[in-house]
Amino acid sequence: MTKRIFKIGLLAVLLNSCTAAIIDEGNKSTLPPLNRTVTYQSDIQSIMTNSCITCHAGPAPNAGLDLSNYQNTRFSAEEGSLVTRMNNLNNPMPPSGKLSPQILQIIDKWVTDGFPEN
């Protein structure tokens, strides 16, 4: 009976440790600096298209947040929680997992550059 309880406990620990596997892709601080201006049209729009607008666009976007155009994306980055949520380890956006350090660096640079459109 003791062996059976031990095996069940061990199985529970092993299954729990496998459910949240995270691949360490490094972090933004180890990347070389971006020495160019990042714009919505050349950089951010494709990130939003590939990572966000599946849920955050259309007639009824999730959380009422439409990220399908420059104005809405800028407003959410400037006044909302877009960048904070993208960098959140516990509750990242997109929910499928945190964006790569390279993409997060591009978004941060866009913010630093003052949200240029093109």
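These numbers come from a predicted model, not from an experiment.

### Quick notes on helix α5 (residues 101-112)
- The end-to-end C-alpha distance of α5 is 16 Å, a good match for the 16 Å that 12 residues give at a rise of 1.5 Å each.
- The inward-facing, buried residues of α5 abut α2 (40-51), α3 (70-78) and α4 (82-86).
- Backbone geometry just after α5 places glycine 114 at a positive phi near 95°.

### Some points on the pattern of salt bridges
- By the definition in use, this model includes 3 salt bridges.
- A salt bridge links arginine 36 to aspartate 43, with the shortest nitrogen-to-oxygen separation between them at 3.0 Å.
- In this structure, lysine 109 engages aspartate 113 in a salt bridge whose closest nitrogen and oxygen atoms are separated by 2.8 Å.
- Exposure remark for lysine 109: the relative accessible area of 18% places this residue in the buried category.

### Points about unusual backbone geometry
- Each neighbour pair has its own omega, and for methionine 93 with proline 94 the value is 0°, a cis peptide bond.
- Along the polypeptide, proline 94 turns up in the loop between α4 and α5.
- Phi at alanine 63 takes a positive value of approximately 60°, unusual for a residue other than glycine.
- Among the secondary structure elements, alanine 63 is positioned in the loop between α2 and α3.
- With a relative accessible area of 81%, alanine 63 lands in the exposed category.

The rules we used
- Starting afresh in each chain, residues are numbered from 1 along the sequence in its written order.
- At least 70 in pLDDT is required for a residue's local features to be given in this predicted model, at least 80 for side-chain atom pairs to be given and counted, and no such filter applies to totals for whole chains, interfaces and linings, which use all residues.
- Note: side-chain values were computed over all heavy atoms of the structure, leaving out hydrogens and water.
- Secondary structure elements are defined from DSSP: runs of H or I of at least 4 residues count as helices, runs of E of at least 2 residues count as strands, and each element is numbered from the N terminus.
- Multiplying one less than the number of residues by 1.5 Å gives the expected span of a helix.
- Residues count as neighbours in contact if any of their non-hydrogen atoms are within 4.5 Å of one another.
- By definition, a salt bridge exists where a carboxyl oxygen of Asp or Glu is found within 4 Å of a side-chain nitrogen of Lys or Arg.
- Burial here depends on accessible area, computed with a 1.4 Å probe over protein chains only, as a share of the maximum for the residue type. Under 20% is buried, over 50% is exposed, and the range in between is partly exposed.

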